[in-house]
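Residue strings, one per chain:
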Number of protein chains: 2
Amino acid sequence: MHMISLLLHMGIFSKTCEYAIRSVFFIAHKTADGGRVGIKEIAKGISSPEPFLAKILQDLSRRGIVQSVKGPNGGFFMDKNTLKRPLADVVEAVDGNNLFTGCGLGLEYCSESNPCPLHHEFKDIRNKIHHMLLTTSIEDFNDDLNLGIISLKK
Amino acid sequence: MHMISLLLHMGIFSKTCEYAIRSVFFIAHKTADGGRVGIKEIAKGISSPEPFLAKILQDLSRRGIVQSVKGPNGGFFMDKNTLKRPLADVVEAVDGNNLFTGCGLGLEYCSESNPCPLHHEFKDIRNKIHHMLLTTSIEDFNDDLNLGIISLKK
DNA sequence: ATAATAAAAGATATAGATGTCTTTTATTAT
DNA sequence: ATAATAAAAGACATCTATATCTTTTATTAT
């Protein structure tokens, strides 16, 4: 009888959010000079389960993070304005703003005027995460992706 | 038919880890001058479900983060050495070291020599989190807890 | 020794996140 | 108009984290 508990995930973001970020990077880089890219190609390009990604992209589409058209030659794309949006918009659309505003110890009462033990330490970190996501735009990695320097596949 | 998805948690730590941190703070502050504290009192003191917390403390006990004795006058406590251990030990015992070492985008290939798009940005944040948890000891908040300045209850 | 106490251990239950499948709707090309 | 394509939508399945309950073991006091 085992004592192994594996801990599969537990990163900063949810799996959904990881897929969301990788997919917007992928769509941005594939459709920067026009055109669309289908769900199959995106799913392959970022090593994600296709139907699950479809759900995520439906949501991002509803929230205006990505654009889409149905039918032949349809697919997902991003307009010029969307390309310039910060990653923070994607994260907030998927995981909410809890990562930027929530208490690190999960305490409801915790606030600036009534802080929990770790409030100030966490504020610093949360601000850093938020700042990083606000200063990184969706299109920031297009060049490196074009050059094949970085990858979005597992 | 609703489109609300609430997003109950999604903080930095798992709920389990939040309870773990709050409980070691509580045990430290209650048993700093000797004595033991029972699971009921701990659970009340940190607003956590008692049986769930019992599981967490069993695990922390096995891993040497807290000490315990059974029977009348039994309960949990922490010895002097344990009180000085960094919070990072608690987090690692519960959530593993993924938070300090894992890829922000969930990519397996990602490493220092073969980084993902956000690798360097994340390294910075991960280091900051790790540093904060390494420089905060379990007993750091005993005084403030004694004075009632801070609380561990929801 | 016995009874009372309190944690440990094991089994079970629930909820939310993750993943899959089928049907519907919109668009395009013929 | 019709057929083909591809996303949207809805229903369903699975898995993990979270939570609960019951039984067992260790300790203490009588």
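Residues numbered from 1 in each chain as written. Chains lettered and ligands numbered in written order. Predicted model: local features only at pLDDT ≥ 70, side-chain atom pairs only at ≥ 80, totals over all residues. Heavy atoms only, no water.

Asker: Break down the overall build of chain A for me, citing the residues and quoting the values.
Answerer: Scanning chain A for helices and strands turns up eight helices and two strands. For chain A, the succession of helices and strands along the chain, N to C, is α-α-α-β-β-α-α-α-α-α. Along the first, second and third principal axes, the C-alpha set of chain A runs to 55 × 50 × 30 Å. Taking all 154 residues of chain A together, the buried fraction comes to 48%. (Helix = DSSP H or I, 4+ residues; strand = E, 2+ residues; numbered from the N terminus. Buried < 20%, exposed > 50% of the residue type's maximum accessible area, 1.4 Å probe, protein only.)

Asker: A description of the protein's contact with DNA strand D should follow, citing residues and the corresponding values.
Answerer: In the vicinity of DNA strand D there are 26 residues, among which Lys55(A), Ser68(A), Thr16(B), Pro49(B) and Pro72(B) approach most closely. Backbone sugar and phosphate groups make up 62% of those atoms of DNA strand D lying within 4 Å of the protein. Within the side chain of Lys55(A), a nitrogen or oxygen atom sits 2.6 Å from a base nitrogen of DNA strand D. Within the side chain of Lys70(B), one N or O atom sits 3.3 Å away from a sugar or linking oxygen of DNA strand D. Where the surface near DNA strand D is concerned, the elements lending two or more residues are α3 (50–62), β1 (67–69) and β2 (75–77) of chain A together with α1 (15–30) and α3 (50–62) of chain B. The element that contributes the greatest number of residues to the surface near DNA strand D is α3(A), accounting for four residues. Looking at the surface near DNA strand D residue by residue, the classes come out as 10 nonpolar, 10 polar and six charged. (Near = heavy atom within 4 Å. Polar contact = N/O pair within 3.5 Å; in protein donor to acceptor, adjacent residues only side chain to side chain. Nonpolar A, V, L, I, M, F, W, Y, C, P; charged D, E, K, R; others polar.)

Asker: Explain the relation of the copies chain A and chain B to me, using residue names and the numbers behind them.
Answerer: Mapping between the two copies of the chain is achieved by a rotation about an axis and a shift along the axis. For these two chains of identical sequence, chain A goes onto chain B by a turn of 180 degrees and a shift of 0.0 Å along the axis, with RMSD 0.0 Å. Each copy turns onto its partner about a two-fold axis. No C-alpha of chain A approaches the rotation axis more nearly than that of Ile12(A), which lies at 3.0 Å. Counting the interface residues of chain A, we find that 100% of their copies in chain B are interface residues as well, pointing to one common contact surface. (Least-squares fit on C-alpha atoms with pLDDT ≥ 70 in both. Contact = heavy atoms within 4.5 Å.)

Asker: How would you explain the pattern of salt bridges if you had to name every residue and give the values?
Answerer: When the charged atoms of two side chains lie near each other, side chains of opposite charge can form a pair. Throughout the structure, instances matching the rule amount to 18 salt bridges over all chains. Glu18(A) serves as the salt-bridge partner of Lys15(A), at 3.1 Å between the closest nitrogen and oxygen. In this pair, Lys15(A) and Glu18(A) both sit in helix α1 (residues 15–30), three residues apart, roughly one turn of the helix. The buried category is assigned to Glu18(A), whose relative accessible area is 1%. For Lys128(A), the salt bridge is made with Asp124(B), and the minimal N-O distance between the two is 3.5 Å. In this pair, Lys128(A) is assigned in helix α7 (residues 119–134) and Asp124(B) in helix α7 (residues 119–134), connecting two distinct chains. A relative accessible area of 30% places Lys128(A) in the partly exposed class. One network of salt bridges, in which partners are shared, links Asp59(A), Arg62(A) and Arg63(A). (Salt bridge = Lys/Arg side-chain N within 4 Å of Asp/Glu carboxyl O.)

Asker: Report on the packing of helix α5 (residues 87–95) of chain A against α7(A), specifying residues and quantitative values.
Answerer: Residues and elements named next belong to chain A. With their axes 6 Å apart at the nearest point, α5 and α7 run at an angle of 120 degrees to one another. Here α5 contributes Leu 87, Ala 88 and Val 91 to the contact with α7, which in turn contributes His 130, Leu 133 and Leu 134. The residue inventory of the contact of α5 with α7, partitioned by class, reads five nonpolar, one polar and no charged. (Axes fitted to C-alpha atoms, helices over the stretch in contact; angles between N-to-C directions.)

Asker: How would you sum up the nonpolar core? Please name residues and give values.
Answerer: In this structure, Leu60(A), Phe25(B) and Leu60(B) are the most contacted members of the largest nonpolar core, which totals 98 residues. For this core, the domains that each give at least three residues are domain 1 (13–85 + 139–154) and domain 2 (86–136) of chain B. When residues no more than four places from it in sequence are discounted, the contact partners of Leu60(A) are Ala20(A), Ser23(A), Val24(A), Ile65(A), Val66(A), Ala93(A) and Val94(A). (Core = buried A, V, L, I, M, F, W, Y, C linked by side-chain atoms within 4.5 Å. Domains from an automatic or database assignment.)

Asker: Which residues make up the protein's contact with DNA strand C, and what values go with them?
Answerer: As a structural note, the neighbourhood of DNA strand C is formed by 26 residues, with Thr16(A), Pro49(A), Pro72(A), Lys55(B) and Ser68(B) the closest of them. For DNA strand C, the fraction of atoms within 4 Å of the protein that belong to sugar or phosphate moieties is 61%. A distance of 3.5 Å separates a phosphate oxygen of DNA strand C from a polar side-chain atom of Tyr19(A). One of the side-chain nitrogen or oxygen atoms of Ser61(B) is found 3.4 Å away from a phosphate oxygen of DNA strand C. When residues of the surface near DNA strand C are traced back to their parent elements, those giving at least two are α1 and α3 of chain A together with α3, β1 (67–69) and β2 (75–77) of chain B. When residues of the surface near DNA strand C are assigned to their parent elements, the largest contribution, four residues, is made by α3(B). Looking at side-chain class alone, the surface near DNA strand C contains 10 nonpolar, 10 polar and six charged residues.

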